[in-house]
Amino acid sequence: MSDIGSRGYANPDKLVSTDWVAARLSDDNIRIVESNEDPLLYPSGHIPGAVEVDWVKDLNDPLRRDYLGKAGFEALASRIGITPDTTVIFYGDMSNWWATYALWVFELFNHKNAKIMDGGRLKWAEEGRELTREKPVISPTSYSAPERDDSRIRAFRDGVLQHIQSSGQLVDVRSPAEFSGEKLHMEGYPQEGAVRGGHIPGASSVPWSRAANEDGTFKNAAELSAIYLEEIGLNPAEPTVAYCRIGERSSHTWFVLTNLLGFADVRNYDGSWTEWGNSVGLPIEK
Amino acid sequence: MADYPAKLQEYLDDFSFITSREERVDYLIAIADEFQPVPESIATKPYDEAHRVIGCESEAFVWALERADGTLDFYFDVLNPQGLSAMAMSAILDQACSGAPLEQVAAINGEVVFTFFGRDISMGKGRGLTELINAVVYQANQRLKSA
């Protein structure tokens, strides 16, 4: 894959290479964060100095279906030793699904000084780079966070309903079988309880993985434009909503549209199909 | 109701005493390190899709071969190199179920996944691992029906 700076991204600073990370392992202004679906991966070996942010344990409210609040985020930030000025580098499994998901949650608290390591954990490992089981010793920091801001990059059910009633741009990033309603869950994944199959009316189907190369790195801007602008006709200046099953795959697409293609207003609908497909009375297309 | 295979019960007893996430994870990683993929004498890639565990995103495959005494030897592979949880579950099932009485294997409840991995794994991961157990249970049931 070509150098990140030559790929034509709108905001190339949001993406760093494995080389870039390897050269900064001892930089105190940088905190490397691994975020995975598989809870065994980080303890089995991680980038030296990296801390773990677990999407279930650290990012979600333990009772409500919601993200952590201000106090929870401040405690998390303190635990992983960051200040608002720290550059946070996220990486993880599943072509960085969970890394982009964690970055998205951090941006809900306006921690914008955050980047993704292109290719994620698999690329680092396959390049033969060091992985350690030694957990770093982190000095807790003091982090004063703002209240979580759900108004900019997060979409809720009622907002999505208004969005589709005004023919707003909507991207369904699930598999084609989920989009068509043939399956109620992702190919290769178990059923997770949606009562109805199909998609939100007006949505275009672009599975998240089309934005990634086989090695987990992101496609270049021309390739991404061919998919999102030319193929399904999205207008980067218009508000756009991305959704999937619970908001994790769509955070990958949110990252692509926002940072790599420079869309002005992209929201991740984290309620996604597990909310929409179970809600009484909401419109559905097949 | 049949007992569980002795080795499985031993693991379940071990995990029931675990109180910290760190201890649980360390134990599971140690088990995953013992994972041995199916030998080429049994199966070679690309594997027959009939052996794929539907619902396991780590791309797990299961084979069951009958021993002379009528019990089964189970073999596994996990194609996702980052599928450590699936490797740990496969190693447990291999050690616990190969050569165990079929009635005991058939009696395994998929809920044991949560004794091993805890309740704070994602729903998708939990159910994927459950499908791995179900694939083994299915093989035992098939042999019992044909016996």
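Since the structure is predicted, the reported quantities are computational estimates derived from the model, not experimental observations. (Residues numbered from 1 in each chain as written. Chains lettered and ligands numbered in written order. Predicted model: local features only at pLDDT ≥ 70, side-chain atom pairs only at ≥ 80, totals over all residues. Heavy atoms only, no water.)

1. Re the overall build of chain B
Argument step 1. Along chain B, the regular secondary structure elements total 6 helices and 2 strands.
Argument step 2. Ordered by position from the N terminus, the helices and strands of chain B form the series α-α-β-β-α-α-α-α.
Argument step 3. Computed over the C-alpha atoms, the radius of gyration of chain B is 15 Å, within 12% of the 15 Å expected from 2.2 N^0.38 for a compact globule of 147 residues.
Argument step 4. Across its three principal directions, the C-alpha atoms of chain B cover 40 × 35 × 25 Å.
Argument step 5. Accessible area for chain B stands at about 6,900 Å²; split by element, carbon and sulfur atoms hold 48% of it.
Argument step 6. Of the charged side chains in chain B, 11 are positive and 23 negative; the average position of the first set lies 5 Å away from that of the second. (Helix = DSSP H or I, 4+ residues; strand = E, 2+ residues; numbered from the N terminus. Rg over C-alpha atoms; globule rule 2.2 N^0.38 Å. Areas by Shrake-Rupley, 256 points an atom, 1.4 Å probe, with all protein chains shown as cover. Lys, Arg positive; Asp, Glu negative; His and termini not counted. Charge placed at Lys NZ, Arg CZ, Asp CG, Glu CD.)

2. Structural notes on the packing of aromatic side chains
Two aromatic rings are characterised by how far apart their centres lie and by the angle between their planes.
Argument step 1. In the structure shown here, the tally under the stated rule is 20 aromatic pairs over all chains.
Argument step 2. Ring plane angle 5° and centroid distance 4.3 Å describe the contact between A:Phe73 and A:Phe109, whose orientation is recorded as stacked. Here A:Phe73, found in helix H3 (residues 70–79), pairs with A:Phe109, found in the loop between helix H4 (97–108) and strand E5 (114–117); they are 36 residues apart in sequence, far enough to count as distant. Accessibility classification places A:Phe73 together with A:Phe109 in one group, the buried group.
Argument step 3. The ring of A:Trp124 carries A:Arg129 above its face, with NZ or CZ at 5.4 Å from the centroid.
Argument step 4. A cation over a ring is seen here: B:Lys7 above B:Tyr11, with NZ or CZ 4.8 Å from the ring centre. (Phe/Tyr/Trp six-rings, centres within 6.5 Å; stacked < 30°, edge-to-face > 60°. Buried < 20%, exposed > 50% of the residue type's maximum accessible area, 1.4 Å probe, protein only. Lys NZ or Arg CZ within 6 Å of the ring centre and 35° of its normal.)

3. Here's the deal with the pattern of salt bridges
Argument step 1. Here the structure, examined in full by the defined rule, presents 34 salt bridges over all chains.
Argument step 2. Note that B:Arg67 and B:Asp73 form a salt bridge whose closest N and O atoms lie 2.7 Å from each other.
Argument step 3. With its nearest N and O atoms 3.3 Å apart, the salt bridge here joins B:Glu111 to B:Arg119.
Argument step 4. On the accessibility criterion, B:Glu111 (43% relative accessible area) is partly exposed.
Argument step 5. The network of salt bridges with shared partners includes A:Arg64, A:Asp66, A:Arg148, A:Asp150, A:Arg154 and A:Asp270. (Salt bridge = Lys/Arg side-chain N within 4 Å of Asp/Glu carboxyl O.)

4. Considering the sheet that holds E5(A)
Two modes of strand pairing occur in sheets, parallel and antiparallel, and in both the strands are linked by backbone hydrogen bonds.
Residue and element names in this part refer to chain A.
Argument step 1. With parallel pairing, 5 strands are arranged side by side in an open sheet as E1-E5-E4-E2-E3. Only two strands of the sheet have a single partner each, and these edge strands are strand E1 (15–16) and strand E3 (51–52).
Argument step 2. Alignment of strand E2 (residues 30–34) against E3, held across 2 bridges, turns out to be parallel. The partner of Val-33 across the bridge, within E3, is Val-51. (Pairing = 2+ DSSP bridges.)

5. A few points about the domain arrangement of chain A
Residue and element names in this part refer to chain A.
Argument step 1. The domain boundaries assigned to chain A delineate domain 1 (4–126) and domain 2 (154–276).
Argument step 2. Between the C-alpha centres of domain 1 and domain 2 the distance comes to 21 Å.
Argument step 3. The interface is formed by 27 residues belonging to domain 1 together with 30 residues belonging to domain 2.
Argument step 4. Note on domain 1 versus domain 2: buried area summed over both sides is about 2,400 Å², and carbon and sulfur give 63% of it.
Argument step 5. Among the residues domain 1 hides against domain 2, the three largest losses belong to Arg-65, Trp-97 and Trp-104. Together they make up 30% of the total.
Argument step 6. In this assembly, domain 1 and domain 2 are joined by 1 salt bridge.
Argument step 7. The partner of Asp-66 in a salt bridge is Arg-154, with the nearest N and O atoms 3.0 Å apart.
Argument step 8. If you look at where domain 1 meets domain 2, you find 15 residue pairs in polar contact (both at pLDDT 80 or more).
Argument step 9. With 8 residues, H4 is the largest single contributor of residues to the side of domain 1 that touches domain 2.
Argument step 10. Here the residues of the side of domain 1 that touches domain 2 sort into 13 nonpolar, 6 polar and 8 charged. (Domains from an automatic or database assignment. Contact = heavy atoms within 4.5 Å. Buried area = accessible area lost by both parts, 1.4 Å probe. Polar contact = N/O pair within 3.5 Å; in protein donor to acceptor, adjacent residues only side chain to side chain. Nonpolar A, V, L, I, M, F, W, Y, C, P; charged D, E, K, R; others polar.)

6. Observations regarding the interface of chain B and chain A
Argument step 1. Each side of the interface is counted separately: chain B has 24 residues, and chain A has 23 residues.
Argument step 2. Buried area between chain B and chain A, both sides added, is near 2,000 Å², and the carbon and sulfur share of it is 61%.
Argument step 3. For chain B, the biggest contributors to the area lost against chain A are B:Arg21, B:Glu57 and B:Gln82; these three give 30% of the whole.
Argument step 4. Across the salt bridge formed by A:Asp38 and B:Lys125, the nearest N and O atoms sit 3.6 Å from each other.
Argument step 5. One can count 5 residue pairs in polar contact (both at pLDDT 80 or more) joining chain B with chain A.
Argument step 6. Mapped onto the side of chain B that touches chain A, the elements with two or more residues apiece are helix H2 (21–33), helix H3 (84–97) and helix H6 (123–146) of chain B.
Argument step 7. A per-element tally of the side of chain B that touches chain A places H2(B) first, with 6 residues.
Argument step 8. A class-by-class count of the residues in the side of chain B that touches chain A yields 10 nonpolar, 7 polar and 7 charged.

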